[in-house]
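The chain contents come next:
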Amino acid sequence: MHTAYDAGLLDLDGVLYRGADPVEHAAASVAGARAAGMRIAFVTNNASRHPAAVAGHLRALGIPAEADEVVTSAQAAARTVAAAVAPGSEVLVLGTAALEETLIRAGLRPVRRLDQADVAGVAAVVQGLAPETSMADLAEATVALRSGALWVVGNTDATLPSPRGLLPGNGAFVALLSAVTGREPVVAGKPDPALHVESVERVKSTRPLVVGDRLETDVLGAVRGGADSLLVLTGVTDRAALLAAPRGSRPTYLASDLRGLSAPHPQVHVDGDRATCGTATATYDGRAVRVAETGEDALRAQVALTWAVADRASVPGPERGPGR
């Protein structure tokens, strides 16, 4: 499949690693894609680390990577803010030192606390995940947001994959501030366009493939960016969530893991209450979609038929299912 696309925009958490641990088959799959001529961008909604640190982490897991191949939501957030405020503007930062450094490189002046005499002097609040975020930080952001500051966040991911399971993500803290202030932020990361545009420009792609583990960020971001997507089941999205995926947040392809980047993806044929993919068949008996076989082709048939059944009562429109 990688021969059909000139670049792979690969998500990190849940696709290449979980926390400090590698995802099985990821390193070999990336190597195979590169060998076939696919350009690679490592795209993360996480704004907490500098690209050099992310690249170092990938290399430690056996995935060759350079800092300029890493595209972070911090970079997209800095680009978004710099385009909206005057050069040298003061911005309040909730995030790591890496986010702060990114804002400085964008010509902005990050601060951690407000000037009590001039709260309105802060042009924007920029928010990314940081383990040290405190109630005092959230209080400062609340005051700035209520004073009218632009609000840009790296992502709204409610959870973050880890070897211990799902942990609170940046979106959990964004939701808290939204509830307190009644405001909604500008999102620089997936699924909004800024990070996708940054990634496509970085690898000079005309036909990118977005690879991720989340329907609501990776897949929806690909749809909004006009790109095809490959969903892997090594992170957040499980089988149940995939079957329930709404129109507009459905992947072009799906696979158990990143080996799907180079594996063939047979077309799924849906005919009434029956779907076939390769040698696998799914049927709808009026109550549930059933499939006798196991494996990826069986899953693709089951998913495509489940979506078709769910869509029958809705307004028809263009939609591509797994393997199409």
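Above this text sits the structure in question.
Counting restarts for each chain, with residues numbered from 1 along the sequence as it is written. Only residues with pLDDT of at least 70 get local features here, since the model is predicted, and only at 80 or more are side-chain atom pairs given and counted; chain-wide, interface and lining totals rely on the full set of residues. Side-chain metrics rest on all non-hydrogen atoms present in the structure, leaving aside hydrogens and water.

**Student:** Got a minute to help me understand the overall build of the chain in this structure?
**Tutor:** Segments assigned H or I by DSSP are reported as helices when at least four residues long, segments assigned E as strands when at least two residues long, and all are numbered from the N terminus. Looking only at helices and strands, one finds 10 helices and 19 strands in the chain. Just to be clear, the radius of gyration here is over C-alpha atoms, and the globule rule we use is 2.2 Å times residues to the power 0.38. Against the globule reference of 20 Å for 324 residues, the chain gives a C-alpha radius of gyration of 21 Å, in line with a compact fold. Overall, the chain is about 70 × 45 × 35 Å in size when its C-alpha atoms are taken along their principal axes. When accessible area is computed with a 1.4 Å probe and restricted to protein chains, residues below 20% of their type maximum are described as buried, those above 50% as exposed, and intermediate ones as partly exposed. For the chain, with 324 residues in total, the buried portion stands at 52%. We call two residues in contact when some of their heavy atoms are within 4.5 Å. Considering only contacts within the chain whose residues lie at least 6 apart along the sequence, 67% involve residues at least 24 apart. Throughout, the Shrake-Rupley method with a 1.4 Å probe supplies accessible areas, and for residues the shown protein chains are the sole cover considered. Put simply, the chain shows about 13600 Å² of open surface, and 55% of that area lies on carbon and sulfur atoms. On the chain, the mean spot of the 30 positive side-chain charges and the mean spot of the 35 negative ones are 3 Å from each other. Charge assignment: positive for Lys and Arg, negative for Asp and Glu; neither His nor the chain ends contribute. Working definition for charges: the position is that of NZ of Lys, CZ of Arg, CG of Asp or CD of Glu.

**Student:** Help me understand the pairing of strand 16 (residues 268-271) in this model?
**Tutor:** Looking along a regular strand, one sees side chains alternate from face to face of the sheet. Pairing of strand 16 with strand 17 (residues 274-277), which is carried by four bridges, proceeds in the antiparallel orientation. Across the sheet, Asp-271 pairs through a bridge with Arg-274, a residue of strand 17. Connecting strand 16 to the next strand, strand 17, in antiparallel fashion are two residues, including Gly-272 with a positive phi near 65°. For two strands to count as paired, DSSP must find a minimum of two bridges between them.

**Student:** Just checking my understanding: could you explain the sheet that holds strand 19 (residues 289-291) for this structure?
**Tutor:** Within a sheet, each strand pairs with its neighbour through backbone hydrogen bonds, oriented either parallel or antiparallel. Read from one edge of the open sheet, four strands run 16-17-18-19, paired in antiparallel fashion. The sheet is open, and its two borders are formed by strand 16 and strand 19, each paired with just one other strand. The sheet shows a mean angle of 20° between the axes of neighbouring strands, taken without regard to direction. Strands strand 16, strand 17, strand 18 (280-284) and strand 19 of the sheet are contacted by helix 10 (residues 296-311), whose axis makes an angle of about 25° with strand 18. Only the stretch in contact is used when fitting a helix axis, every axis being a line fitted to C-alpha atoms; angles between N-to-C directions are given from 0 to 180 degrees.

**Student:** Is there a simple way to think about the packing of aromatic side chains in this case?
**Tutor:** Two rings from Phe, Tyr or Trp (for Trp, the six-membered ring) form a pair when their centres are within 6.5 Å of each other. A pair whose planes differ by under 30 degrees is stacked, one over 60 is edge-to-face, and the rest are tilted. Counted according to the given criterion, the structure contains one aromatic pair. Between the aromatic rings of Tyr-5 and Tyr-253, the centroid separation amounts to 6.4 Å while the plane-to-plane angle is 85°, which identifies the pairing as edge-to-face. Placement of Tyr-5 in the segment before strand 1 (7-10) and of Tyr-253 in strand 15 (residues 253-255) is noted, with a sequence separation of 248 residues between them.

**Student:** In this structure, what is going on with the pairing of strand 1? I would like to understand it.
**Tutor:** The side-chain alternation of strand 1 yields two buried faces, one formed by Ala-7 and Leu-9 and the other by Gly-8 and Leu-10. Here strand 1 runs beside strand 4 (residues 39-44); their pairing, made up of four bridges, is parallel. For Leu-9, the partnering residue across the bridge sits in strand 4 and is Ala-41. One ladder, built from four bridges, connects strand 1 with strand 13 (residues 208-212); its direction is parallel. Paired with Ala-7 across the two strands is Pro-208, which belongs to strand 13.

**Student:** So what exactly am I meant to see when it comes to the nonpolar core here?
**Tutor:** The nonpolar side chains of a soluble globular protein tend to be buried with one another. Within this scheme, the nonpolar core is defined by two criteria: the residues are buried Ala, Val, Leu, Ile, Met, Phe, Trp, Tyr or Cys, and they are joined through side-chain atoms within 4.5 Å. Counting residues in hydrophobic clusters, the biggest one holds 28 residues, and the most contacted among them are Leu-16, Phe-42, Leu-58, Val-211, Leu-230 and Leu-258. Among the elements of the structure, helix 1 (26-35), strand 4, helix 2 (51-60), strand 13, strand 14 (228-232) and strand 15 are those that each provide at least two residues to this core. The contacts of Phe-42, once residues within four sequence positions are left out, are Leu-10, Leu-12, Leu-16, Val-30, Arg-34, Leu-58, Ile-63, Pro-64, Ala-65, Glu-69, Val-70 and Val-71. Of all hydrophobic cores here, the second largest spans 27 residues; its members include Val-43, Ala-76, Leu-99 and Val-210.

Scope: geometric values only; no functional claims are made or implied.
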